[in-house]
Amino acid sequence: MTNDATASPPRSLRGPGLVLAPRGVPVIVLGLLLTVAGVLAENPPIAAWGESILAVTAALWLWSEARAGGLQGSLSVVDVDLHSAAGPVLARRPAEISLTVAGREDAQGAPVGVTVHVGSGLAPPEPADVSVGTPASVATRALQAGPIFIHGVDVAIAMAGGLFRAVTYVPVGREFRILPRSGPLRRGRLLGRADLRASVLAARTHVRGQGSDVRELREHVAGDPFKHIAWKASARRGRLIVREFEEETTASVYILLDVGPGMRVGPVGQTRLDGAIDECLGLAVALLNRRDRVGLCTYDRDVLGFTRADSGPGALDPIVTHLGEAHAVVAAESTECGIDQVAHRLAAHVEDHDGQRFRLPGALGLGLLGGDVDVSRLHDYLWQRRSGTAAGDVDAIRTTPAPSVDAVDRDLRAECRRRGVELPFRADLPGEDRSAGLLAAIDRCVRDRSSSHVLWVVTDVADLTTSELAPAVRLSRAHRHELIVHCPAAPPEAHEQAHSDRDLDGVLGLLFDDARRERRKSAAIALTRLGARISLAPGS
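Attention here is on the structure that accompanies the text. Predicted model only: the values in this text are computed from it and were never measured. (Residues numbered from 1 in each chain as written. Predicted model: local features only at pLDDT ≥ 70, side-chain atom pairs only at ≥ 80, totals over all residues. Heavy atoms only, no water.)

## Overview of the overall build of the protein chain
Within the protein chain one finds 15 helices and 16 strands. Among the 540 residues that make up the protein chain, the fraction classed as buried is 46%. Sequence separation of at least 24 residues holds for 73% of the intrachain contacts in the protein chain that already meet a minimum separation of 6. For the protein chain, the exposed area adds up to about 26900 Å²; of that, 55% sits on carbon and sulfur atoms. (Helix = DSSP H or I, 4+ residues; strand = E, 2+ residues; numbered from the N terminus. Buried < 20%, exposed > 50% of the residue type's maximum accessible area, 1.4 Å probe, protein only. Contact = heavy atoms within 4.5 Å. Areas by Shrake-Rupley, 256 points an atom, 1.4 Å probe, with all protein chains shown as cover.)

What follows is the structure in structure tokens.
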């Protein structure tokens, strides 16, 4: 799934830069050696040979530098796509990036080197050699589910017979989606997949309605449908008797996914959050196939996203999209970047992709909040781009009230999400109260009063204490909802890599210490005593 292609292919905005190619290194070394050897041996011919080589190399450098100036604006990268041989691109599966380097007619077929710059959701592709005008593919690997961006491509053209390389950066700015893998809900030590299905079935209730099963016979009251009158029973009793029917109502299943820092420990694509996303999708698919209603709520310190429970063929797509956004969090309360750091990252991206500079000279600037970026001008430029206002239209900007600092911060973070500028997630604070986010998520789900719910909380229970769990359990039970807490494990690939990796630090980074296991065990016992149900995935 990609965004719409731009009307014209993006062209080079940064560079070109001329660098010495590997083939040119021995030529320079040979010239230096001959020159030094000739001088030391007092042999003018040898020194002259060395000086000639260096002089010719310098002349070729100047010629290449002049010719490389014409490359800017002449190269473009088109037909960029992310795909896999098996179909949709899935997390932790091989993928390919296809592209075509386009140029002038006299450059068709010329060999060039490409280095693709991608977001953290993809493994950085190795540099590849392609030809101008010929479609090519570079291998990569999808690391985690969610939106990823192919930011741009470094295109390197050989100059002067391969002695030098002219490298220019061509922005791409294309967004793609990596789908989660529908992982099975692996049987836990205290609650397995069958138990979860039994919990959902137990939540089914029989209520009065328009079903086909007769619930009872009762006397007719005003408003009863004429077709529900039981004529034989009415004749026997001498008064109108109607049939009362019942229908089966399925309880909604709400998945409450914790996306906080405790779920993000580990390498990209090998965290508990990645394993939880796979299990959530597997559970949603299984329940929707049984025509149950499934919803999703993601939370950290507060609710970050909510998808109302629904059933039917179109109910899975919003859940898949919502799960994919679990990694793309830019909210101020969930990231450790202030507005100055957000502006710095965004200004660097805009400079590379739009050719606009917003850096201020000197260490201190005169922008909205100071720093090395003119935040006010950056925000105005982005506002112009979104509103379609012509650049430099000062009158249009002046008619708009000056935004507050909070509004500017929200706008810049939203632009980071649209452009794929990644913001680091906040650090995990020891002893942090995690109950506020869980209570907010439960409260948001119980607002759906369409039926009773099964609340399936996916979090690492080691981060919760009994005092934090008790309000959440009481809140769910007060609304007659069933609460199930599931502690996910990292994806199976993470454990396989840990066993095959000889780096001790890498192994220890994937394993939990004994103290954390004890906290998880204590929290599971406390949940059971409070009346909730607990599920510990294998390996957790």
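## Some remarks on the side chain of serine 252
Following the sequence through the fold, serine 252 ends up in strand S11 (residues 252-258). Not counting chain neighbours up to four residues away, the residues in contact with serine 252 comprise Arg293, Ala309, Ser450, Ser451, Ser452, His453 and Val454.

## Looking at the sheet that holds strand S2 (residues 76-83)
Taken in spatial order, the three strands of this open sheet run S2-S3-S6, and their pairing is antiparallel. Either end of the sheet is taken by a strand with one partner, and the two such strands are S2 and strand S6 (136-142). Averaged over all adjacent pairs, the angle separating strand axes in this sheet is 25 degrees, with direction ignored. Looking at chain direction, S2 and strand S3 (residues 93-102) are connected through six bridges and run antiparallel. Directly across from valine 78, in S3, lies its bridge partner threonine 100. (Pairing = 2+ DSSP bridges. Axes fitted to C-alpha atoms, helices over the stretch in contact; angles between N-to-C directions.)

## Considering the pairing of strand S5 (residues 128-131)
In S5, alternate side chains face the same way, and those of Ala128 and Val130 are buried while those of Asp129 and Ser131 on the opposite face are not. Summarising the sheet, strand S4 (residues 111-118) and S5 pair through four bridges and their orientation is antiparallel. Each bridged residue has a counterpart across the sheet, and for glycine 113 the counterpart in S5 is aspartate 129.

## A short note on helix H2 (residues 44-68)
Along its 25 residues, H2 runs 35 Å from first to last C-alpha, staying within 8% of the 36 Å computed at 1.5 Å per residue. Ala47, Gly50, Thr57, Ser64 and Ala68 are the residues of H2 that are buried. (Expected span 1.5 Å × (residues − 1).)

## Brief notes about the packing of helix H7 (residues 339-354) against helix H10 (residues 405-419)
The interhelical angle for the contact between H7 and H10, taken along N-to-C directions, is 45 degrees, at an axis separation of 10 Å. Considered as vectors, H7 and H10 are oriented oblique to each other. Crossing angle aside, the handedness with which H7 passes H10 is left-handed. For the pair H7 and H10, the contacting residues are Ile339, Val342, Ala343, Leu346, His349, Val350 and Asp354 in the first and Val405, Val408, Asp409, Leu412, Arg413, Glu415, Cys416 and Arg419 in the second. (Parallel < 35°, antiparallel > 145°, perpendicular 65-115°, else oblique. Left-handed = near helix turned anticlockwise from the far one by under 90°.)

## Some remarks on a nonpolar patch on the surface
Where nonpolar side chains cluster on the molecular surface, the patch consists of Leu20, Val25, Val29 and Leu33 and spans about 330 Å² of accessible area. By the element assignment, valine 25 lies in helix H1 (residues 24-40). (Patch = residues over 30% accessible without salt bridge, like charges linked within 9 Å, V, L, I, M, F, W, Y side chains within 5 Å. Salt bridge = Lys/Arg side-chain N within 4 Å of Asp/Glu carboxyl O.)

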